[in-house]
Amino acid sequence: MENIQGGPPDAAKALEAVGELIEAGDLESLYGRVIDVAAELLQADCASIQVHLPDKQQLRLLAARGFVPEAAAFWEHVDAGSSSCCGMALSRGERVIIADVESDERLAGTEDLRQMRLCGIRAVQSTPLVSRGGDPLGMLSTHWRREYHPSDSMLRLLDALARQIARLIEHGTAEEARDASEAGMRVRVAALERVDREKNSFLAMLAHELRNPLAPIRNVGEVLAHVLHDQPAARHPLAILKRQTDQLTRLVDDLLDISRIQQGRLTLQEKPVEIGEILEHALETVQPLIREKRHYLALERLQAPVFVLGDRARLVQCVANLLQNAAKYTPPGGRIHMGCVESGAKISVTVRDNGAGIAPSLLPQLFDPFVQSEGTLQHSRGGLGIGLAIVRQLVEMHGGSVEAASDGEGRGAAFTIHLWRLDCAQASGAPQEAAATAPSKCILVVDGNPDSADTLAAILTTMGHRVEVAYSALSALAAAERLRLDAILLDLDLPRMSGLAVAQRLRSQSELGSTLLIALSGDGDEAAARAAGFDGHLKKPVDVAALERALA
C-alpha cells in the first residue's frame, strides 16, 4: 500500500474496503462504490470511471458522480486526443492535470469546457488505468468546483486507487470474456447437436430409401438364380450380382444400425443362446469371402456348450463383422484364428489375423464411427468405417466390452468380445432350433412397392408356395377375407394405412387366428411389430434363408 499520510484519516480503511469489494467480485455495485471512495479520498466534487475500447481508441463511461445528465451523455464516449482531460491522458498514456479549466488554452472555446461549466467544474485530473501487462484499461478522473492541484500525497493515493480499479476492470473483463466464451460454447454445442440429429435423420432416411430399389434387385437375382441354375454361362454373372447385392445390403444395414443406435431406437431380443452357435452362424456368413481369398481359418471351439444372454442375430452380426474385417484386411492366403475361452464369469471370443494391422495412433479411436486408416482403405473391399462402431455399441448393449490389439501396421490384429456367461440353470430353457421342411403354403404378399411385392412373390413361387399379391392395405384386407391363408408377409411401410394398423385389423378376425403373420420392414421396430400381433419380422431386402426359416 502506498504511503497516504497526507490523505484523509480514513483513506487506508476506504482503500481496504475497495479491495474487499474487488475480491468479492460484486461487480454490480462496485463501480459506483469506487466512484464514491475516489471522490471521498481526493476531496473531489465529481468523479468518473471509463473503460478503454481498443478497437475504437475510445473511452466509454462506466460510472460517474456529480455530472448533470447532459454532461454524462456528452462524455458517454470520448475519443483519444480530444480536448477533454481524459482524452488527452489516453492519447499521452500518462496522467493529465488541469488546475483551472478557465485559464487552460487547450479548452478555450470547446464543447468540453461548456459541459464542465454546466457541472460547475473548475479543476480536473485524469489518471490512466493500466493492466499488469502495461495495456490501457480505462481512466479514473476526479473534478473539483474550485481551482485545485493535488498534492504529492494525494497523487500517491490516487495511484494506489488506480491500481485497485485496474484490477477491478481486469477482473470484470475476464469474467465477460469467460461468459462470452461459455455462451459461445453453448451455441456451438447446440449447433453440433442439431447437425448430429440431422445427420442421423439423413442416414435413416437414406438407408430406408435405398431399400426400396434394393429389395426387388435382390429378389430378381434370387429368381434368376433359380431359373438359370443349369446355365453355365449364367453362373459367373449371377455370382457377381449376388455378391455385390449382398455388399450393398450390408452397407445399408450398417447405415441403418448406426443411425438407430445413436438415436436409441435399437432394441435387443435377448434369450439364452449358445456361444458355439453364434460362432458357427458368423462363420457361415463370411465363409464365401474367406474361400474367395483362400485364407486358412482355424476355429477353436469350447468342449462343452456355454450360454450367454443376448440377441442371437445381433451377436452373430458382431462376430461376423470381426471375421469380415479379418478377411478383408488380410492379403490372400492369410491366416485367421477364431476361438473362445472361459474366464470366470465371462466368455471371450477372439478373432485374430496376420493382415494389414493397425497403427498405434489409430487404436484409441478405432471404434468411433467413420474411422479408417490409410492402410485399411488400401485393402478395403468397400465400407463406411462404421462396422466396428456398431460392434462396440451392440456388445455394450449386452453388458459386455470389446477391445482391439495390434503390434502395428502390417503385423496383424486381434479383436476380442467379452460377454457375461449364463450358468447352467439359467440356460436350461435355451431353445433348440429344429430343422424342418416347410410344406407348400398359401401366402399373401403385401407391399406398396409393386416391384418388391412381385419379385418376392416370384421367389416364394419357386419355393413351391401358392402366392397372392396386394399393393395396398385395403386390397390386403379384402384378400385376407377371400382366401384361406397360411401366411401373410406384410410390409410395415404401406401408404395411407400402416402395416401395424393392418395387422391389428387382421388379428381381430377370428378366422385368421392361426395365420402366420410376418412383418417386412427396412427400419421398423421389431418389438412394435410383435406387439401389433406379428409372429415374426424380416428385414428388407429379405434373405431367402431367413424367409425359409420364418415360414417353416
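About the cut-offs
- Residues numbered from 1 in each chain as written.
- Predicted model: local features only at pLDDT ≥ 70, side-chain atom pairs only at ≥ 80, totals over all residues.
- Heavy atoms only, no water.
- 1 Å grid on protein atoms, 1.4 Å probe; cavity = no way out; pocket = protein on both sides within 12 Å on 5 of 7 lines; lining within 4 Å.
- Points joined across faces, edges and corners; volume = space filled by probe spheres on them.
- Helix = DSSP H or I, 4+ residues; strand = E, 2+ residues; numbered from the N terminus.
- Nonpolar A, V, L, I, M, F, W, Y, C, P; charged D, E, K, R; others polar.
- Buried < 20%, exposed > 50% of the residue type's maximum accessible area, 1.4 Å probe, protein only.
- Arc of directions from axis to C-beta.
- Contact = heavy atoms within 4.5 Å.
- Pairing = 2+ DSSP bridges.
- Axes fitted to C-alpha atoms, helices over the stretch in contact; angles between N-to-C directions.
- Phe/Tyr/Trp six-rings, centres within 6.5 Å; stacked < 30°, edge-to-face > 60°.
- Lys NZ or Arg CZ within 6 Å of the ring centre and 35° of its normal.
- Salt bridge = Lys/Arg side-chain N within 4 Å of Asp/Glu carboxyl O.
- Core = buried A, V, L, I, M, F, W, Y, C linked by side-chain atoms within 4.5 Å.
- Right-handed = clockwise from strand over helix to strand, strands pointing away.
- pLDDT = per-residue confidence, 0-100.
- Parallel < 35°, antiparallel > 145°, perpendicular 65-115°, else oblique.
- Left-handed = near helix turned anticlockwise from the far one by under 90°.

A. Main features of empty space enclosed by the protein. Counted by the stated rule, this structure contains 4 cavities of 30 Å³ or more. Each pocket or cavity is described by its volume, and for the second largest cavity that value is around 120 Å³. For the lining of the second largest cavity, the elements supplying multiple residues, two or more each, are strand S1 (46–53), helix H4 (85–92), helix H5 (111–119), strand S5 (123–130) and strand S6 (136–144). A per-class count over the lining of the second largest cavity returns 8 nonpolar, 6 polar and 1 charged.

B. Geometry of H5. Looking only at H5, the buried set comprises Asp-112, Leu-113, Gln-115, Met-116 and Cys-119. Down the axis of H5, the buried set is contained in an arc of 160°. They therefore lie on one face. Among the structural elements, helix H3 (69–74) and S5 are those in contact with the buried residues of H5.

C. Region of interest: the sheet that holds strand S2 (residues 58–65). Ordered in space as S3-S2-S1-S6-S5-S4, the 6 strands form an open sheet in which the pairing is antiparallel. Edge strands, defined here as strands with exactly one partner in the open sheet, are strand S3 (77–79) and strand S4 (96–98). Between one strand axis and the next, the sheet turns by 25° as a mean value, whatever way the strands run. Direction of pairing for S4 relative to S5: antiparallel, over a ladder of 3 bridges. Paired with Val-96 across the two strands is Ser-126, which belongs to S5.

D. Quick peek at the packing of aromatic side chains. With the rule as written, the count across this model stands at 4 aromatic pairs. Ring plane angle 65° and centroid distance 6.0 Å describe the contact between Phe-74 and Trp-75, whose orientation is recorded as edge-to-face. According to the relative accessible area criterion, Trp-75 is buried, its value standing at 7%. Ring plane angle 85° and centroid distance 6.2 Å describe the contact between Phe-367 and Phe-415, whose orientation is recorded as edge-to-face. A residue pair is termed long-range when its members are at least 10 positions apart, and Phe-367 in the loop between strand S11 (346–353) and helix H10 (374–379) and Phe-415 in strand S13 (residues 413–422) qualify at 48 residues. Judged by its relative accessible area of 8%, Phe-415 is buried. What links up through ring pairs into an aromatic cluster is the set Phe-67, Phe-74 and Trp-75. Sitting over the face of the ring of Trp-420, Lys-346 holds its NZ or CZ atom 4.7 Å from the ring centroid.

E. Highlighting the pattern of salt bridges. What the rule picks out here adds up to 16 salt bridges. The shortest N-O distance in the salt bridge between Arg-95 and Asp-159 comes to 2.8 Å. Of this pair, Arg-95 sits in the loop between H4 and S4 while Asp-159 sits in helix H6 (residues 152–227); the two residues are 64 residues apart in sequence, bridging distant segments of the chain. Here Asp-535 ties to Arg-507 by a salt bridge, and the two come within 2.6 Å at their closest N and O atoms. Of this pair, Asp-535 sits in the loop between helix H16 (526–531) and strand S18 (536–539) while Arg-507 sits in helix H15 (residues 499–507), and the two are 28 residues apart along the sequence.

F. Structural view of the side chain of Ser-452. As for its position among the elements, Ser-452 is in helix H13 (residues 450–462). In this structure Ser-452 touches Asn-212, Ala-215, Pro-216, Asn-219 and Asp-447, once residues within four positions along its chain are discounted.

G. Local environment of the nonpolar core. One finds Ile-275, Leu-323 and Ile-417 to be the most contacted residues of the largest nonpolar core, which totals 48 residues. Going through the elements one at a time, helix H7 (232–262), helix H8 (275–292), helix H9 (312–328), strand S10 (335–343), S11, helix H11 (387–397) and S13 are the ones with two or more residues in this core. Looking at which element gives the most residues to this core, the answer is H9, with 9 residues. The residues contacting Leu-323, other than those within four sequence positions of it, are Ala-282, Leu-283, Val-286, Leu-297, Ile-336, Met-338 and Val-351. One finds Trp-144, Met-154, Leu-157 and Leu-161 within the second-largest nonpolar core, a separate group that totals 31 residues.

H. Fine view of the pairing of strand S17 (residues 516–521). Of all 6 residues that make up S17, 5 are buried, and the element is covered over most of its length. Bridging between strand S16 (residues 487–491) and S17 involves 5 bridges; their strand directions are parallel. In the strand pairing of S17, Asp-491 is matched with Leu-520. Note that the unit made of S16, H15 and S17 has a crossover that is right-handed. Direction of pairing for S17 relative to S18: parallel, over a ladder of 4 bridges. Its bridge partner lying in S18, Ser-521 is registered against Lys-539.

I. Inspection of the sheet that holds S18 at higher detail. Strand order in the open sheet formed by 5 strands is S15-S14-S16-S17-S18, and the pairing between neighbours is parallel. Looking along the sheet, the strands with just one partner apiece sit at the ends: strand S15 (466–470) and S18. Sheet twist, expressed as the average angle between the axes of neighbouring strands with direction ignored, equals 20°. Sheet contacts for H15: S16 and S17; angle to S16, the most-contacted strand, approximately 155°. Against the sheet, helix H17 (residues 544–551) touches strand S14 (442–446), S16, S17 and S18, its axis set at about 155° to S17.

J. Quick look at the confidence of the model for the chain. Per-residue confidence for the chain gives a mean pLDDT of 81, with 86% of residues at or over 70. For the chain, per-element mean pLDDT is lowest for H10, which scores 47, and highest for S4, which scores 94. Note that pLDDT drops below 50 for residues 374–382; the model gives that stretch 17 contacts with residues more than four away or on any other chain. In this model residues 430–437 is a low-confidence stretch, pLDDT under 50, and it forms 7 contacts with partners more than four residues away in sequence or in other chains.

K. Up close: the packing of helix H14 (residues 473–482) against H15. One way to put it is that H14 packs onto H15 with a least axis distance of 11 Å and a crossing angle of 20°. By the angle between their axes, H14 is roughly parallel relative to H15. The element H14 and its partner H15 pack so that their crossing is right-handed. Touching Ala-473, Leu-477 and Ala-480 of H14 are Val-502, Arg-505 and Leu-506, all from H15. A class-by-class count of the residues in the contact of H14 with H15 yields 5 nonpolar, no polar and 1 charged.

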